[in-house]
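Listed below, chain by chain, are the residues.
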Amino acid sequence: MRYYEDLVVGTVSHSPRSYQVTREEVIEFAGKYDPQPFHLDDEAAKNTFFGRLSASGWHTAAMTMRMMVETMQAGEPQAGLGSPGVDELKWHKPVYPGDELRVETTLLSKRRMKSRNDMGLTRSQQKVFNQHDELVMSMTGNGLIRLRDPNGTDDE
């Protein structure tokens, strides 16, 4: 099990596999959660900024979450405890059916929580790239992780 004490600031991890964006999934997600015409209909999308059917930014965020979880599960299990949120989220380029996404995560910082001595708070940056190595989305997120030794001292 990987705990707070095992995390090294500056470490970069990559999703173990890419995510293939399908037309069916783009339309299904949009129909349920972001039913704007340019996410649902080819003709409606033609005359927009996107120029063709595109994935919802929220769908891109959900696909990214899937890849992040797969990355965390690919190696040694982590003592993760969830997340208190995201500080910054940017959609840089549209994501289209047929795109192949991958995520790169950099651990920016970590600190022990003052209010809970059994957990630490991490801050990381995720960058999502398409098959052309173009940045399509970035976000800075926070995570909670269990400490191996709640009475230890910070190792940074």
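A brief look at the structure comes next. (Residues numbered from 1 in each chain as written. Predicted model: local features only at pLDDT ≥ 70, side-chain atom pairs only at ≥ 80, totals over all residues. Heavy atoms only, no water.)

**Regarding the packing of helix α1 (residues 23-33) against helix α4 (residues 57-74)**
Stated precisely, the cut-off is as follows: Axes, fitted as lines to C-alpha atoms, cover a helix only where it is in contact. Angles between the N-to-C directions of the axes lie from 0 to 180 degrees. The way it works is that DSSP assigns letters per residue, a run of H or I at least four long becomes a helix, a run of E at least two long becomes a strand, and they are numbered from the N terminus. Put simply, angles under 35 degrees are roughly parallel, angles over 145 are roughly antiparallel, angles from 65 to 115 are roughly perpendicular, and the rest are oblique. For any pair of crossing helices, the crossing counts as left-handed if the nearer helix is rotated counterclockwise from the farther one by less than a right angle, and right-handed if it is rotated clockwise. Contact criterion: two residues are considered in contact whenever any of their non-hydrogen atoms come within 4.5 Å of each other. Note on residue categories: nonpolar means Ala, Val, Leu, Ile, Met, Phe, Trp, Tyr, Cys or Pro, charged means Asp, Glu, Lys or Arg, and polar means any other residue, Gly included.
Contact geometry for α1 and α4: axes closest at 10 Å, N-to-C directions at 115°. Accordingly, the angle class assigned to the pair α1 and α4 is roughly perpendicular. Considering only the axes of α1 and α4, their crossing is right-handed. In this structure, α1 contributes E25, V26 and F29 to the contact, and α4 contributes W58, H59, A62 and M63. Looking at the contact of α1 with α4 residue by residue, the class counts come to five nonpolar, one polar and one charged.

**Notes on the layout of surface pockets**
To be explicit about the condition: Here a cavity is any set of points on a 1 Å grid over the protein atoms alone where a 1.4 Å probe fits but cannot get out, and a pocket is any open set with protein on both sides within 12 Å along at least 5 of 7 lines; a residue lines the site when it has an atom within 4 Å of a point. Grid points are joined across faces, edges and corners, and a volume is the space filled by probe spheres set on the points.
Counted as a void, the largest pocket has a volume near 880 Å³. Lining the largest pocket are 38 residues, and of these M68, M72, Q78, T105 and S124 lie nearest its centre. Looking at the lining of the largest pocket, the elements with two or more residues in it are β1 (12-14), α4, β3 (85-91), β4 (100-112), β5 (119-129) and β6 (135-146). Element by element, the count of residues in the lining of the largest pocket is highest for α4, at eight residues. Looking at the lining of the largest pocket residue by residue, the classes come out as 16 nonpolar, 19 polar and three charged. Taken as a whole, the second largest pocket spans an internal volume of roughly 230 Å³. Lining the second largest pocket are 18 residues; nearest its centre among them are F50, A55, S56, G57 and W91.

**Concerning the pairing of β4**
Threshold: Whether two strands pair comes down to DSSP finding at least two bridges between them.
Summarising the sheet, β1 and β4 pair through three bridges and their orientation is antiparallel. By the bridge assignment, S13 is partnered in β4 with T105. Pairing of strand β2 (residues 19-20) with β4, which is carried by two bridges, proceeds in the antiparallel orientation. Within β4, the residue paired with Y19 across the bridge is L101. The antiparallel pairing of β4 with β5 creates a hairpin that spans six residues between the two strands.

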